[in-house]
Amino acid sequence: MKFKNHIAQGIPFDRAQNIGGVIAPTIVVLHDTAGRLEHGNSANYLRTAPRGVSVHFILERNGSISQQVPTNRRAGHAGTSHYHGRDGVNDFSIGIEIVNPGRMTDAGNGKARAWYKQEFDIAEFGVQAVTTPEHGSGLWMDYTEAQVEALEALLNGLFDYIPTLTDITSHWYISPGRKVDTNPLFPLTQMRARVLGRDDAQSAEADEASAPTQHEDEMVAITVPGDTLNMRRWPSFNPNVISTITDGVVVPVIREGIFDGRAWLKVRHGGLEGWIVKSHADPIIQSN
């Protein structure tokens, strides 16, 4: 996809009524519309939405895309939000809304019910029951192949056109506990790998900012007041838990570093590598 004067070429541009000042975007934030699936329904709402709401792009179920805000102008898509030490993500991001009903509940008889009461056949729409630490429990509708392919093309075009862009993330990551989109079926890791050429920008950054342990056989014992300690994909309390480690378990240490004034350790446990807070790890003294 090509851009000219901050507008995508070859797709409709329907100017939103809520457009802010000039920005230099550094991240792309992905959202679910949590609205009806009919073509244009969410796009029509967002174009004239109240309370300053707006978004740069809307991606329909059939893969078609429309733009409503130029890529160098602020849109009101993120709300109260935080990303890597910066508040107010609207001021430095591009928002993309993907048409999807969001979290649904079981309506019985093989149906899932959206918040607006419409019911969907679970088998026909690829609805799955999934629970994650970031999303909680729910029934979630899968994204269409056309949506995933179109989004990849859009993201590649954006990153080719805007030199300040560095990362792709989801609304749940910048507004933890408040938002759950994109839903757990969205292939965020794979999308980031295909567009950015890496699996996890935050994890790579943490490795670069930390140091390997001085001894190959360094071990620590987990000490936590509760039953388990969260192991995280990168050293941050943003929603990124990949596993838990039981109190008293001994694990090998791979790397260590200071992040936001707190000491963290990268450890290996259960076939995974992740970060834990150092204050919950007691060194194991190796005997000769």
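Residues numbered from 1 in each chain as written. Predicted model: local features only at pLDDT ≥ 70, side-chain atom pairs only at ≥ 80, totals over all residues. Heavy atoms only, no water.

## Quick word on the pattern of salt bridges
Any two side chains of opposite charge can pair if their charged atoms end up close together. Defined as follows: Every case where a carboxyl oxygen of Asp or Glu lies within 4 Å of a side-chain nitrogen of Lys or Arg is listed as a salt bridge. Numbering of helices and strands runs from the N terminus; a helix is a DSSP stretch of H or I covering at least four residues, while a strand is a stretch of E covering at least two. Burial classes follow relative accessibility: with a 1.4 Å probe on protein chains only, a residue under 20% of its type's maximum area counts as buried, one over 50% as exposed, and anything between as partly exposed.
By the definition in use, this model includes eight salt bridges. A salt bridge links Asp91 to Arg74; the shortest N-O distance between them is 2.7 Å. Of this pair, Asp91 sits in the loop between β7 (86-87) and β8 (93-98) while Arg74 sits in the loop between β5 (65-67) and β6 (82-83); the two residues are 17 residues apart in sequence, bridging distant segments of the chain. Note on Arg74: relative accessible area 31%, which makes it partly exposed. Notably, a salt bridge pairs Glu152 with Arg194, separated by 3.0 Å at the nearest N-O pair. With a gap of 42 residues between them, Glu152 in helix α2 (residues 145-161) and Arg194 in helix α4 (residues 188-196) connect regions that are remote in the sequence. According to the relative accessible area criterion, Glu152 is buried, its value standing at 19%. Taken together, the shared-partner salt bridges in this structure form one network comprising Asp207, Lys266, Arg268 and Glu273.

## Thoughts on the nonpolar core
Inclusion rule: Residues belong to a common nonpolar core when they are buried Ala, Val, Leu, Ile, Met, Phe, Trp, Tyr or Cys residues joined through side-chain atoms within 4.5 Å. A contact between two residues is defined here by any heavy atoms of the two lying within 4.5 Å.
By size, the foremost hydrophobic cluster in this structure holds 26 residues, and its most contacted members are Val28, Phe57, Ile96, Leu151 and Leu158. Of all the elements in the fold, those that place two or more residues in this core are β3 (27-32), β4 (57-59), β8, α2 and α4. With six residues, α2 is the largest single contributor of residues to this core. If we ignore the near neighbours within four places in the chain, the residues touching Ile96 are Val28, Val29, Leu30, His31, Val55, Phe57, Leu151, Leu154, Leu155 and Leu158. Counting residues in hydrophobic clusters, the runner-up holds 14 residues, among them Ala43, Leu46, Val127 and Met141.

## Structural notes on the packing of aromatic side chains
Quick note on the threshold: Planes of paired rings set the category: under 30 degrees apart is stacked, over 60 is edge-to-face and the rest tilted, where pairs are Phe, Tyr or Trp rings (Trp by its six-membered ring) whose centres lie within 6.5 Å. Charges are assigned to positions over rings by a cutoff of 6 Å between ring centre and Lys NZ or Arg CZ, combined with an angular limit of 35 degrees from the ring normal.
Summed over the entire model, instances satisfying the criterion amount to ten aromatic pairs. Centre to centre, the rings of Trp115 and Tyr116 are 5.5 Å apart; their planes meet at 90 degrees, and the pair counts as edge-to-face. The class of Trp115 is exposed, set by a relative accessible area of 59%. In this structure an aromatic cluster arises from ring pairing among Tyr83, Trp172, Tyr173 and Trp234. Cation over ring: Arg86 sits above Phe92, and NZ or CZ is 3.8 Å from the ring centre.

## A word on the sheet that holds strand β9 (residues 105-108)
Under the convention used in this document: Pairing between strands is defined by DSSP: at least two bridges between them are needed. A fitted line through C-alpha atoms serves as each axis, taken over the contacting stretch for helices, and the angle formed by two N-to-C directions is quoted from 0 to 180°.
Strand order in this open sheet of three strands is β9-β10-β11, and the pairing throughout is antiparallel. Each end of this open sheet is capped by a strand with a single partner; those strands are β9 and β11 (119-121). Averaged over neighbouring strand pairs, the angle between their axes works out to 40 degrees when direction is ignored. Note that strand β10 (residues 111-113) and β11 share three bridges and pair antiparallel. In the sheet register, Arg113 faces β11, and the bridge partner there is Glu119.

## Considering the environment of Ala211
Relative to the elements of secondary structure, Ala211 occurs in strand β15 (residues 211-212). Considering only alpha carbons, one finds Ala211 and Leu265, 54 residues apart in sequence, at a separation of 9.8 Å. Setting aside residues up to four positions removed in sequence, Ala211 forms contacts with Arg255 and Glu256.

## Observations regarding the sheet that holds β3
Strand order in this open sheet of five strands is β5-β4-β8-β3-β14, and the pairing throughout is mixed. Each having just a single partner strand, β5 and β14 (167-170) make up the two edges of the open sheet. Each neighbouring strand pair of the sheet contributes to a mean axis angle of 25 degrees, computed without reference to strand direction. Pairing of β3 with β14 involves four bridges; the strand directions are parallel. Looking across to β14, one finds that Val28 is bridged to Ile168. Across the sheet, α2 lies against β3, β4, β5, β8 and β14, angled at about 165 degrees from β8, the strand it touches most. Against the sheet, α4 makes contact with β3 and β14, and its axis sits at roughly 165 degrees relative to β14, the strand it touches most.

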